[in-house]
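Residue-level structure breakdown
Letter by letter, the chains look like this.
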Amino acid sequence: MRTVAVLWILSPLAGWAQTSGILAGVAEDATGAKLSGAKARIYNVLTGFSLEATADEGGAWRFANLPFQAYELAISAPGFATLQRSVSIQTGALVSLTVRLELATEVRSVSVHDSAPILVDPDRTGSYAQMNRQDIERLQIGGSRGLESVLASFPGFAQNANGAIHPRGAHNQMTFVIDGMPVTDQLTGAFANSIDPNSVQTVELFTGNIPAEYGSKVSAVANITTKSGLGAGRPIAGTFTANAGGFDTLSQVTHVAGERGRVGYSAMANSLETHRYLDAVSLVNLHNGGHSHRGYARADIHATPRDTLRLNAFAGRSSFELANLRSQQDAGMDQRQILEDSAFSAGWVHSLSPRATYDTTASYRSAAARLLPSAGDLPVRAWQSRRQSTFHTSHRIGYTAGASQFRAGADYQRFPVRERFLFQVTDWPDAPDHLLPFRDDPFRFDKRAAGSLWSGWTQNQIRWNRFQFALGLRWDAYRFLSRGNQWQPRIGVSYLVPRTGTVLRASYNRTYQTPPNENLLLSNSEEPAPLVDPAVRAALGGVAVPIRPERQNFYEVGIQQPVAGRFSVQASFYHKNARDQQDNNSFFNTPIVFPTSLARIRVNGVEGRVVAPTWKGFSGTLSFTHARAVSTPPFTGGLFIGNDAVAALSAGPFLIDHDQKLAVHGVLHYTHRAGWFATWTTRYDSGLVINPSDPDEVAADPDYSDLLPYIDLAGDPPRSRPRTIADMAAGYRRSVDERARWEVGIHLTNVSGATAVYTFQSLFAGTRIVQPRTVSARLRLFF
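Structure report, in brief. Keep in mind that this is a model prediction, so the values were computed, not measured. (Residues numbered from 1 in each chain as written. Predicted model: local features only at pLDDT ≥ 70, side-chain atom pairs only at ≥ 80, totals over all residues. Heavy atoms only, no water.)

When helices and strands are tallied, the protein shows eight helices and 43 strands. Expected size for 783 residues packed as a compact globule is a radius of gyration near 28 Å; at 27 Å, the protein falls within 12% of this value. Over its C-alpha atoms, taken along the principal directions, the protein stretches across nearly 90 × 50 × 45 Å. Residues counted as buried form 60% of the 783 residues belonging to the protein. Taking the intrachain contacts of the protein between residues at least 6 apart in sequence as the baseline, contacts between residues at least 24 apart amount to 68%. A distance of 8 Å separates the average location of the 75 positive side-chain charges in the protein from that of its 66 negative side-chain charges. (Helix = DSSP H or I, 4+ residues; strand = E, 2+ residues; numbered from the N terminus. Rg over C-alpha atoms; globule rule 2.2 N^0.38 Å. Buried < 20%, exposed > 50% of the residue type's maximum accessible area, 1.4 Å probe, protein only. Contact = heavy atoms within 4.5 Å. Lys, Arg positive; Asp, Glu negative; His and termini not counted. Charge placed at Lys NZ, Arg CZ, Asp CG, Glu CD.)

Further remarks concern the pattern of salt bridges. Tallied over the entire structure, the rule returns 31 salt bridges. Here Asp-279 makes a salt bridge to Arg-276, at a shortest N to O gap of 3.1 Å. Taking the relative accessible area as the measure of exposure, Arg-276 reaches 8% and is therefore buried. Among the ionic pairs, Glu-321 bridges to Arg-336, the shortest N-O distance being 3.8 Å. Of this pair, Glu-321 sits in strand β20 (residues 307–321) while Arg-336 sits in strand β21 (residues 336–353), placing them 15 residues apart in sequence. (Salt bridge = Lys/Arg side-chain N within 4 Å of Asp/Glu carboxyl O.)

Glancing now at empty space enclosed by the protein. Considering all chains together, one arrives at 17 cavities of 30 Å³ or more under this definition. Reported here for the largest cavity is a volume of approximately 220 Å³. Contributing to the lining of the largest cavity are 19 residues, with Ser-194, Ile-195, Asp-196, Phe-314 and Asp-341 lying nearest its centre. If you list the elements that add at least two residues to the lining of the largest cavity, you get β13 (181–183), β19 (290–304), β20 and β21. For the lining of the largest cavity, the per-class residue count stands at ten nonpolar, five polar and four charged. (1 Å grid on protein atoms, 1.4 Å probe; cavity = no way out; pocket = protein on both sides within 12 Å on 5 of 7 lines; lining within 4 Å. Points joined across faces, edges and corners; volume = space filled by probe spheres on them. Nonpolar A, V, L, I, M, F, W, Y, C, P; charged D, E, K, R; others polar.)

Let us now look at unusual backbone geometry. Note: most peptide bonds trans; most residues except glycine with negative phi. Each neighbour pair has its own omega, and for Pro-633 with Pro-634 the value is 10 degrees, a cis peptide bond. One can find Pro-634 in strand β33 (residues 618–639). The step from Asp-716 to Pro-717 runs through a cis peptide bond, and the omega angle for that step is 5 degrees. Mapped onto the secondary structure, Pro-717 falls in the loop between β37 (711–712) and β38 (719–720). The phi torsion at Arg-168 lies on the positive side, around 50 degrees, for a residue other than glycine. By the secondary structure assignment, Arg-168 is in the loop between β11 (165–167) and β12 (174–178). The exposure class assigned to Arg-168 is buried, which follows from its relative accessible area of 1%. Phi at Asp-580 is positive, roughly 60 degrees, even though this residue is not glycine. Its place among the elements puts Asp-580 in strand β31 (residues 567–586).

All right, on to the nonpolar core then. Counting 41 residues, the largest nonpolar core has Phe-421, Phe-423, Leu-531, Phe-587 and Phe-588 as the members making the most contacts within it. Counting residues per element, the ones that place at least two in this core are β22 (356–372), β23 (380–401), β24 (404–425), β25 (443–464) and α5 (520–523). Sorting elements by how many residues they give to this core places β24 first, with five residues. Look past the residues within four positions of Phe-588 in its chain and what remains in contact with it is Phe-423, Trp-428, Leu-435, Leu-531 and Ile-641. Core analysis: the second largest hydrophobic core is formed by 31 residues, Ile-136, Met-181, Val-200 and Ala-222 among them. (Core = buried A, V, L, I, M, F, W, Y, C linked by side-chain atoms within 4.5 Å.)

The next subject is the side chain of Glu-28. Note on placement: Glu-28 falls in strand β1 (residues 21–28). In this structure Glu-28 comes out as buried when scored by relative accessible area, which is 9%. Polar side-chain contacts of Glu-28 include one of 2.9 Å to the side chain of Arg-100. Setting aside its immediate chain neighbours within four residues, Glu-28 contacts Ala-33, Lys-34, Leu-35, Thr-98, Val-99, Arg-100 and Leu-101. (Polar contact = N/O pair within 3.5 Å; in protein donor to acceptor, adjacent residues only side chain to side chain.)

Attention shifts here to the packing of aromatic side chains. Scanning all chains against the criterion turns up 23 aromatic pairs. Three or more aromatic residues link up through ring pairs in this structure, and these residues are Trp-464, Phe-467, Phe-469 and Tyr-495. Here Arg-41 stacks its cationic end above the ring of Tyr-43, 4.2 Å away from the centre of that ring. Between Arg-276 and the ring centre of Phe-247, over which it is positioned, the NZ or CZ distance is 5.8 Å. (Phe/Tyr/Trp six-rings, centres within 6.5 Å; stacked < 30°, edge-to-face > 60°. Lys NZ or Arg CZ within 6 Å of the ring centre and 35° of its normal.)

Next up on the list: the sheet that holds strand β9 (residues 128–132). Across the sheet, which stays open at both edges, the five strands sit in the order β9-β14-β15-β12-β13 with mixed pairing between neighbours. Two strands close off the open sheet at either side, each with one partner strand: β9 and β13. Geometrically, the sheet is characterised by an average inter-axis angle of 20 degrees between neighbouring strands, direction not taken into account. Summarising the sheet, β9 and strand β14 (residues 200–206) pair through five bridges and their orientation is antiparallel. Within β14, the position partnered with Met-131 by the bridge is Val-203. (Pairing = 2+ DSSP bridges. Axes fitted to C-alpha atoms, helices over the stretch in contact; angles between N-to-C directions.)

Here it is as structure tokens:
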């Protein structure tokens, strides 16, 4: 395992990927003459990351937007031996190299290590994975699905409707950091516009031993680096992609990028129209059309050799119908929802010295949602308009000294929120008596408030012999509808067994998960008291209680193991216990979902992932996840309207709907050097917990009776039945003189045409059906 040991010696300690790094160099021959046209390639076998560049007339080449990690670098030129070496990018500061190539007649190759691929990462003390632009394109996520659908291929996620994912037994509680800007909104189809995968260069996913710089919602953290124009090698380049598929789906993505001197830019515009915008609520896809428009722009400016500036802008708007049941369609229901968001951020990285950096980011994000009712709504009518904004600023310093890498920072967030809501009973024959007054006089709600989160943190990564220590501490001060402070140790250790290349690791995290802001004012207010059944009010001790941040203890042990020099195997076991567990509840029979909290949750999970790096054109991954999530009432925060499940939820511990015995996700990809490619994806889910509905009542309900074969109401607890869904993509890319010109492809979703449900009459998610067999085609032009 010599390669792993060399990497252990050469690479500095793993950093915290809030920004990306830059590697630049000059290629020379033995006399010092510059090698114009030399080829440079930087790659990481384990993560699949790879970039190529061509040296200019002065022999200079450059790679930008590099995630913080160890790499292999290969420099080649006609008539010269290829030079290979290990490099490590761990800060936003520019790393410069001068490489000297020897004549091929004198030596075949120059390398500082053997050629065995690096299949483990000894610096990682917690669960970590990475996905790159090429991997995202291979999955060819279509429709309204965002980046969450891509992340579902990693272990640790239970897949739910509308692209929603539950990380390690949590409802959501996930942070996306986009070029240093944290986004903690619930980014699913019904809550907010998702992050467009087309704008992403790399995704780094942390699910274990979360670095101390991340807070607020950290059941999982996705650190996203968007596409940059640096490295384009010309003033303008780009792609135009057109897609057409089932359910009258049409979409296009236009991306342009370029660089000139010290400035690089990248911009993207995306539009979509489809008649299956969200997952359907019945086997017949009714009233489910929608369209969306998204865009982003990024500029990178190397102002001086020690200063780099980055500017980002994002915007999106979607308008779509809310899917109907058959009875709702017959009644003429025509509810629609509109989601809008915009964001701006600016970042500055300054090299204080070759070993020290300072970086800062300031950002603003605003997201709005509107629910538009119709005359045919039943059994109730609801209207809503809400907006939440986030102002964020962060400051970080980093210093590397020998085997230690120290980093510290401070963050401030302010989040103003406004919610307006109207509720009216329309056609509800069995409406409770306390709701009858709202037939003629709608319930109205209008409130605004603002909160803040102050944070400070420090993290030190220390290497000692074959050990790696991650020592972090974070402090949060939350000030909103509830108030609280929390110290949070984040500590981890890994050990490399050099003879076998095995990496053993263990970690403990204390986390402080702040409540979701979506509909938080409604959930924490006394105004809805008339809507709450008096019996429920008595059972729960009131109408609404301010939701406190969830306090978690998280323990994890894991292993990395190279196998046969071809595969990397990772496995982990984790245990999480938390107080004031956060979840959601729906507002009667409306699409409005608001937060609640229960006394405690306990989650145990086992996960694994096998990575097969590219070999003879083939590459693949196989992930498995087992999670058991047990919640314990009573409710400790939020508004609980009450329904048939109140007694069950208040009786004692129960398996929450995130609980799933087994999920397996496999991806196999093949690329032929002639340009042909194919991807096969298969996912198995053993079934999420569903509502304990009465089978006789379901059989008598024309809206749901045909779903009985796909659910197990007799189970303990009831679950959706197991499902296996396979997708396939294939195509051809035409290249001329090593430059791509055009590409065509076809994508088949749900190859077998399996019928299955994600959830059924869920207290928190309703009923949603898995997408049926769908065919789409793609044309991409490169310029």
